[in-house]
Amino acid sequence: MSQTNSNCPNCGGPIVFRWAQSVQTTCPYCSSILVRTDVDIEKVGEVSSYPADPSPIMIGTEGIFENKAFVAIGRICYKYENGGWNEWHIVFNTGESAWLSDAQLQYAVTKVTPFPPGFDNITLNVGTVVDANGVFYTVTTVTNARYRAVEGELPFQFWDKTDCRFVDLRTPDARFMTVDFSEKPPLLFVGKTVTFDELKLKNLRQFEGW
Amino acid sequence: MAAQRPQAKIRAFNCPNCGNSVQLRGMGTSLSAACPSCLSILDTSDERVRLLQRAAKKMERFEPKIPLGTRGKVDGKQYEVTGFQHRTIMADGVEYGWDEYVLYNPFHGFRYLTEYTGHWNDIVAVLSLPAPSDVMGHAAVSHEDRKFKLFQTSNPTTKFVLGEFPWRVKLNDTVNSKDYVDSPYSLASETDDNETTWSRAQYIPGKEIWSAFNLKGSPPTPQGVYSNQPNPYGSTKPMWAMMVVFSILLLLTMIVTSFMAAGETVFQSKYYFVSGSGEPSFVTPTFEMKGGEKNVEVEIRTDLQNDWMYLGLALINENTGTAYDFGKEISFYSGSDSDGSWTEGDKADSVSIGGVPGGKYYLRVEPDMEKTLGSELFGSKRVNYEIKVRRDVAVIWPYFVVWPFLLIPPLWAILRRYSFEGKRWAESDPSGNAAFSSGEDDEDDD
């Protein structure tokens with residue numbers, strides 16, 4: 001993994017990019033949100049606080065998905081009516097990046113995927129069934145979430161969001177997709193739900209008494 | 001030093017209602033919790049704890065059988081009991097209540113245990129989506145190669161809570177629930193205003209819970225039959241296999257004993273009898289019957305035609321004088337009428353005597369026939385007959401009498417199995433009608 005080093009424009013602390021395509025990161029010293037430009041790093045905001053979230057994953061956590069090793073290098077924290085969740089930005093040893101979501105310790109791995117044909121005209125409500133290239137997905141949840149915090153490296157700029165609408169779709173064989181309406185046009189993430197054991201995670205967070 | 005993700009800690013605060021201290025062990029997963037002192041329900045989703053619901057002054061208390069904070073291994077993973085709720089449903093005007101335990105592991109997440117009258121279930125969330133199906137016209141769902149039949153539609157209501165929950169728990173909150181059964185598993189869907197969630201339960205014996213959580217005493221004895229309780233009578237296949245094995249053994253025994261039987265002819269002689277010709281009785285020469293107690297078959301063949309004869313017989317031991325008295329009537333008629341030719345009776349017959357000891361024997365024979373008017377006028381009737389004595393003859397009929405009894409155990413097993421299933425489904429309420437019934441009418445509409 002290629003690493004590029006520079007310094008935080010706010011506090012001068014060393015900033016390391018572990019993934020060449022990262023566009024944004026946070027300063028681990030002063031929590032400034034930093035965006036990489038062609039020549040420099042620019043401070044665009046600040047993370048006020050991180051929620052007391054229960055995820056056992058942290059930046060540097062390693063795991064395996066579909067026989068490929070990955071490491072978590074960043075995350076977006078969301079909050080909604082029924083709790084919060086993390087989208088961990090993971091990069092594989094092949095250079096690809098994906099998202100490992102942890103919603104109340106229920107895990108799923110997804111990747112940004114182009115919308116299948118005919119998808120854009122459908123209104124997605126709970127119970128709506130959509131045909132994605134021959135696989136039938138059913139909308140199970142529509143979530144109106146709020147952006148809560150970002151940490152570490154992300155593949156795009158993400159720091160000034162407020163309300164984000166997500167639609168989750170599932171299949172009988174554990175396939176999973178999320179439509180993220182916070183972007184224009186919306187983004188589609190496709191993957192599957194996974195168990196903690198399947199991911200073979202290492203370098204996890206510590207829990208008092210566990 | 002760069003900011004590290006801090007170690008997650010047990011959170012403690014004071015109840016905004018009563019001021020007593022509350023501890024949260026859910027490491028940030030808990031959206032709500034009950035104050036252990038005043039039983040008020042608190043919103044713990046944020047840094048600022050808020051009072052959601054004050055507990056009623058007079059509330060029925062339910063004690064968890066597994067105390068909060070207890071840790072135990074389920075499915076090979078360590079879990080801590082962090083929450084407890086008592087929920088009820090109404091059926092036929094009667095309230096039925098059960099207990100639910102929230103089990104937490106900071107890595108593997110949540111699972112749940114339920115207990116209803118001694119019946120325990122281990123429950124995990126289902127993340128794939130069960131597909132609608134049917135079992136012989138009965139509503140069902142399919143999930144991971146199993147089909148679950150709709151068992152019950154109900155509206156569980158939360159009546160009492162302790163500890164903390166990864167959702168917003170509220171007293172008297174009601175959800176719509178559907179239970180589908182394929183013992184020892186069941187699938188349940190719970191629908192509220194926003195979404196439908198699925199979970200899968202597996203029936204688990206109380207004693208496994210007791211040993212997993214190292215609980216004192218013994219688990220409550222299960223009452224009645226629970227919806228996904230495994231049928232204790234299992235498959236009837238082993239019973240049928242046993243029956244087949246015993247049938248083969250019986251057949252082999254029959255074949256072997258038939259082959260072993262000597263079937264030796266020890267005496268054979270031809271006689272004739274003319275009715276009304278003086279003293280008819282006579283004795284045969286003695287014959288030897290070897291070995292211990294064995295059966296004897298006396299076979300009689302005649303040339304009777306439209307007539308009958310009676311043979312009074314006695315098998316007498318020459319040395320001891322022991323006599324086996326028996327008799328045989330033989331008759332044979334034939335003719336023809338508008339339906340064609342017919343026959344009745346048989347010209348030959350045999351008599352079996354069991355357990356005759358070895359030794360020297362002779363037969364005393366006393367033939368008898370009807371004296372007719374014709375015989376007076378046209379001379380007496382004459383019948384030729386033969387007596388044959390065989391020793392140690394193979395007997396197979398008892399095998400055919402015994403064989404049907406081999407069917408009893410498997411048929412009994414089937415009966416037991418289906419009677420258990422009958423009890424299981426007698427409690428079923430697929431449409432949820434019982435929930436709205438007053439109790440006057442306790443018939444299921446299945």
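Residues numbered from 1 in each chain as written. Chains lettered and ligands numbered in written order. Predicted model: local features only at pLDDT ≥ 70, side-chain atom pairs only at ≥ 80, totals over all residues. Heavy atoms only, no water.

Novice: Got a minute to help me understand the overall build of chain A in this structure?
Specialist: A tally of helices and strands in chain A yields one helix and 15 strands. What you see for chain A is a C-alpha radius of gyration of 17 Å, in line with the 17 Å of a compact globule of 210 residues. Projecting the C-alpha coordinates of chain A onto the three principal axes gives extents of approximately 50 × 40 × 35 Å. Out of the 210 residues in chain A, the part that is buried amounts to 50%. Summarising the internal contacts of chain A: among those between residues at least 6 apart in sequence, 50% fall at separations of at least 24. On chain A, the mean spot of the 18 positive side-chain charges and the mean spot of the 24 negative ones are 2 Å from each other. (Helix = DSSP H or I, 4+ residues; strand = E, 2+ residues; numbered from the N terminus. Rg over C-alpha atoms; globule rule 2.2 N^0.38 Å. Buried < 20%, exposed > 50% of the residue type's maximum accessible area, 1.4 Å probe, protein only. Contact = heavy atoms within 4.5 Å. Lys, Arg positive; Asp, Glu negative; His and termini not counted. Charge placed at Lys NZ, Arg CZ, Asp CG, Glu CD.)

Novice: In this structure, what is going on with the overall build of chain B? I would like to understand it.
Specialist: Each helix and strand in chain B was counted, giving six helices and 27 strands. A globule of 446 residues ought to have a C-alpha radius of gyration of about 22 Å, yet chain B, at 42 Å, is considerably larger. Along the longest, intermediate and shortest principal axes, the C-alpha atoms of chain B span 135 × 55 × 40 Å. For chain B, the proportion of its 446 residues judged to be buried stands at 42%. Counting only contacts in chain B whose residues sit at least 6 apart along the sequence, the fraction spanning at least 24 positions is 63%. Here chain B has roughly 24000 Å² of accessible surface; of this, 52% comes from carbon and sulfur atoms. (Areas by Shrake-Rupley, 256 points an atom, 1.4 Å probe, with all protein chains shown as cover.)

Novice: What exactly am I supposed to notice about the side chain of S247 of chain B here?
Specialist: Residue and element names in this part refer to chain B. On the secondary structure map, S247 appears in helix α2 (residues 237–260). Here the side chain of S247 touches M243 through a polar contact of 2.8 Å, landing on its backbone oxygen. Not counting residues up to four positions away in its chain, the partners in contact with S247 are W403 and L406. (Polar contact = N/O pair within 3.5 Å; in protein donor to acceptor, adjacent residues only side chain to side chain.)

Novice: What exactly am I supposed to notice about the packing of α2 of chain B against helix α5 (residues 408–426) of chain B here?
Specialist: Pairs of packed helices are described in terms of their axes, by the angle between the two and the distance that separates them. Residues and elements named next belong to chain B. Remark: α2 packs on α5, axes separated minimally by 8 Å, with the N-to-C direction vectors making an angle of 170°. Taken together, the axes of α2 and α5 are roughly antiparallel relative to one another. Within the contact between the two elements, α2 uses M239, W240 and M243 and α5 uses P409, P410, L411, A413, I414 and R416. Here the contact of α2 with α5 is built from residues that sort into eight nonpolar, no polar and one charged. (Axes fitted to C-alpha atoms, helices over the stretch in contact; angles between N-to-C directions. Parallel < 35°, antiparallel > 145°, perpendicular 65-115°, else oblique. Nonpolar A, V, L, I, M, F, W, Y, C, P; charged D, E, K, R; others polar.)

Novice: Help me understand the domain arrangement of chain B in this model?
Specialist: One frequent convention defines the size of an interface as the accessible area lost when the parts assemble. Here chain B is described as being made up of domain 1 (11–212), domain 2 (237–256 + 399–436) and domain 3 (262–393). For domain 1 of chain B and domain 3 of chain B, the distance between their C-alpha centroids amounts to 86 Å. (Domains from an automatic or database assignment.)

Novice: Sorry if this is basic, but what is going on with the sheet that holds strand β21 (residues 294–302) of chain B here?
Specialist: All names here are of chain B. Here four strands make up an open sheet; going across it, the order is β18-β27-β21-β25 and the pairing antiparallel. Both edges of this open sheet fall to β18 (264–274) and β25 (348–356), since each of them pairs with a single strand only. Shown here is a sheet whose adjacent strand axes are inclined to one another by a mean of 15°, direction ignored. With seven bridges connecting them, β21 and strand β27 (residues 382–391) associate as antiparallel partners. In the sheet register, T302 faces β27, and the bridge partner there is Y385. (Pairing = 2+ DSSP bridges.)

Novice: Is there a simple way to think about the pairing of strand β12 (residues 135–152) of chain A in this case?
Specialist: Looking along a regular strand, one sees the side chains alternate between the two faces of the sheet. Residues and elements named next belong to chain A. Within β12, 13 of the 18 residues are buried, which leaves the element mostly enclosed by the surrounding structure. Pairing between strand β7 (residues 68–80) and β12: six bridges, direction antiparallel. Residue pairing in the sheet places G74 in a bridge with G152 of β12. Where strand β11 (residues 129–132) and β12 come together, four bridges link them in antiparallel fashion. Each bridged residue has a counterpart across the sheet, and for V129 the counterpart in β12 is T138. What sits between β11 and β12 in their antiparallel hairpin is a turn of two residues, with N133 showing a positive phi close to 50°. Two strands pair when backbone bridges link them, and β12 and strand β13 (residues 163–170) are joined in this way by eight bridges, in the antiparallel orientation. The residue bridging T141 from the neighbouring strand is D168, located in β13.

Novice: What is the right way to read the nonpolar core from this model?
Specialist: Grouped burial of nonpolar side chains is what soluble globular proteins tend to show. Formed by 33 residues in total, the largest nonpolar core has its most connected members in F70, I90, L100, Y107, V109 and L199 of chain A. Elements with a minimum of two residues in this core: β7, β8 (83–92), β9 (97–103), β10 (106–113) and α1 (196–199) of chain A together with β8 (94–105), β9 (109–116) and β14 (157–165) of chain B. Residues contacting Y107 of chain A, with those up to four places away along its chain left out, are P56, I57, L100, S101, D102, T193, V194, T195, F196 and L199 of chain A together with F107 of chain B. (Core = buried A, V, L, I, M, F, W, Y, C linked by side-chain atoms within 4.5 Å.)

Novice: How should the sheet that holds strand β3 (residues 24–26) of chain A be read in this particular structure?
Specialist: Within a sheet, each strand pairs with its neighbour through backbone hydrogen bonds, oriented either parallel or antiparallel. All names here are of chain A. An order of β3-β4-β5 is seen for the three strands of this open sheet, with the pairing classed as antiparallel. The two strands at the open ends of the sheet, each matched to only one other strand, are β3 and β5 (41–46). For this sheet the average axis-to-axis angle between neighbouring strands, irrespective of direction, equals 30°. Bridge count for strand β4 (residues 32–36) against β5 is five bridges, and the pairing is antiparallel. Considered in β5, the bridge of I33 is made with G45.

Novice: How do you make sense of the packing of aromatic side chains when you look at a structure like this?
Specialist: Two aromatic rings, taken as a pair, are described by how far apart their centres are and by the angle between their planes. Under the criterion given, the structure shown has 30 aromatic pairs over all chains. Site record: aromatic cluster; members linked through ring pairs are Y78, Y80, W85, W99, Y147, F156, F158, F166 and F189 of chain A. A cation over an aromatic ring shows up here: R71 of chain B above the ring of W210 of chain A, its NZ or CZ 3.6 Å from the ring centre. In this structure, R382 of chain B packs its charged tip against the face of Y272 of chain B, placed 3.8 Å from the ring centre. (Phe/Tyr/Trp six-rings, centres within 6.5 Å; stacked < 30°, edge-to-face > 60°. Lys NZ or Arg CZ within 6 Å of the ring centre and 35° of its normal.)

Novice: Would you take a moment to explain a nonpolar patch on the surface for this structure?
Specialist: On the surface, M242, V244, V245, F246, I248, L249, L251, L252, I255 and F259 of chain B cluster together into a nonpolar patch covering about 960 Å² of accessible area. Note that V244 of chain B resides in helix α2. (Patch = residues over 30% accessible without salt bridge, like charges linked within 9 Å, V, L, I, M, F, W, Y side chains within 5 Å. Salt bridge = Lys/Arg side-chain N within 4 Å of Asp/Glu carboxyl O.)

Novice: For this particular structure, what's the right way to read the confidence of the model for chain B?
Specialist: Reading predicted coordinates in detail is not appropriate for stretches of low pLDDT. When pLDDT is averaged along chain B, the result is 89, and 94% of the positions lie at 70 or above. In this model, residues 439–446 of chain B is a region of pLDDT below 50 whose contacts with residues beyond four sequence positions or in other chains number 13 contacts. (pLDDT = per-residue confidence, 0-100.)

Novice: I tried to follow the environment of Q305 of chain B on my own but got confused; where do I start?
Specialist: Residue and element names in this part refer to chain B. Inspection of the secondary structure assignment puts Q305 in the loop between β21 and β22 (307–317). For the pair Q305 and P285, spaced 20 residues apart in the sequence, the C-alpha separation amounts to 29 Å. What Q305 contacts, discounting residues up to four positions off in sequence, is F332, S334 and K347. A polar contact is formed between the side chain of Q305 and the side chain of S334, at a distance of 2.8 Å.

Novice: In this structure, what is going on with the pattern of salt bridges? I would like to understand it.
Specialist: Pairing is possible between side chains that carry opposite charge, provided their charged atoms lie close to one another. Within the structure shown, the criterion is met by 29 salt bridges over all chains. As a salt-bridge pair, R87 of chain B and E100 of chain B come within 3.0 Å of each other at their nearest N and O atoms. One end of the pair, R87 of chain B, is in strand β7 (residues 77–91); the other, E100 of chain B, is in strand β8, and 13 residues separate them in sequence. Accessibility classification places R87 of chain B together with E100 of chain B in one group, the buried group. One connected set of salt bridges, linked through shared partners, spans D197 of chain A together with D75, K77, R111 and D122 of chain B.

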